[in-house]
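Secondary and tertiary structure notes
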Amino acid sequence: AQKITQTQPGMFVQEKEAVTLDCTYDTSDQSYGLFWYKQPSSGEMIFLIYQGSYDEQNATEGRYSLNFQKARKSANLVISASQLGDSAMYFCAMRDPTGGYQKVTFGTGTKLQVIP
Amino acid sequence: DGGITQSPKYLFRKEGQNVTLSCEQNLNHDAMYWYRQDPGQGLRLIYYSQIVNDFQKGDIAEGYSVSREKKESFPLTVTSAQKNPTAFYLCASKAGQATNEKLFFGSGTQLSVL
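Computed from a prediction, not measured in an experiment: that's the story for all the values here. (Residues numbered from 1 in each chain as written. Chains lettered and ligands numbered in written order. Predicted model: local features only at pLDDT ≥ 70, side-chain atom pairs only at ≥ 80, totals over all residues. Heavy atoms only, no water.)

1. Regarding the packing of aromatic side chains
One pass over the structure, following the stated rule, counts 14 aromatic pairs over all chains. Ring centres 5.1 Å apart and planes at 55 degrees place the aromatic pair Y25 of chain A and Y32 of chain A in the tilted group. Between the aromatic rings of Y35 of chain B and F105 of chain B, the centroid separation amounts to 6.2 Å while the plane-to-plane angle is 40 degrees, which identifies the pairing as tilted. Highlighted residues: Y35 of chain B in strand 4 (residues 31-37) and F105 of chain B in strand 10 (residues 104-105), separated in sequence by 70 residues. Look at F105 of chain B and you get buried, because its relative accessible area is 13%. One aromatic cluster in this structure is built from F35, Y37, F47, Y50 and F106 of chain A together with Y33, Y35, Y48 and F105 of chain B. (Phe/Tyr/Trp six-rings, centres within 6.5 Å; stacked < 30°, edge-to-face > 60°. Helix = DSSP H or I, 4+ residues; strand = E, 2+ residues; numbered from the N terminus. Buried < 20%, exposed > 50% of the residue type's maximum accessible area, 1.4 Å probe, protein only.)

2. Some thoughts on the pattern of salt bridges
All names here are of chain A. The final tally for this structure, using the stated rule, is six salt bridges over all chains. Salt-bridge contacts for R63 lead to D86; the nearest nitrogen and oxygen are separated by 2.8 Å. Placement of the pair is R63 in the loop between strand 7 (60-61) and strand 8 (64-69) and D86 in the loop between strand 9 (74-79) and strand 10 (88-96), with a sequence separation of 23 residues. Taking the relative accessible area as the measure of exposure, R63 reaches 21% and is therefore partly exposed. (Salt bridge = Lys/Arg side-chain N within 4 Å of Asp/Glu carboxyl O.)

3. Some details on the sheet that holds strand 3 (residues 19-25) of chain B
Residues and elements named next belong to chain B. The strand order across the open sheet formed by four strands is 1-3-8-7, and the pairing between neighbours is antiparallel. With partners counted over all chains shown, the strands left at the sheet margins are strand 1 (4-7) and strand 7 (64-66), one partner each. The sheet shows a mean angle of 20 degrees between the axes of neighbouring strands, direction not considered. Of the pairings in the sheet, the one linking strand 1 to strand 3 comprises four bridges and is antiparallel in character. Paired with T5 across the bridge in strand 3 is E24. (Pairing = 2+ DSSP bridges. Axes fitted to C-alpha atoms, helices over the stretch in contact; angles between N-to-C directions.)

Right under this line is the structure:
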């Protein structure tokens, strides 16, 4: 069974600074996909970035980048130049091949607060 | 606009009562999901469906039931067997089986016990 671990329940970052949110995963499969989602206080889930297990380069989407270290089974999200609107819950998720490649499981999340 | 509609936004359940949460999508997605979120916690998978008339239990299916009679609809029933139903419920869908297919989410239903 796969497992997603986010060890930081809460993080603070100064506005305009960069912050790294940790995510480690456990899977015996060679093919998998990793995702990060943002959940503002409104409750909606917003897709941020995706990394495939076979992707050789780290994914980037604007101010978001994914520090993918396959051997260490980590997929940390880096947010550069933090903004007040980045204050939210952040979830790491993984596609689980054991569920016919349709099962998606999430970590417990990290609450990020951006300080002015 | 295409998207996922969850209703109601707030729902209250009395002791011993079954309640049904609605989830409708017009994205023509094959796969649909139900997640439960408790305060300050992550999303836990209740049920998911890959195609019409087929669904699989997730990690916390006990006390819940679903149906998938139409591609667009994936209602979740919280039965009286679910002793701690108070939570935020999120419905999601996904287009296909490609590795990089992301989930699209509804706006959620907050269920509380009276």
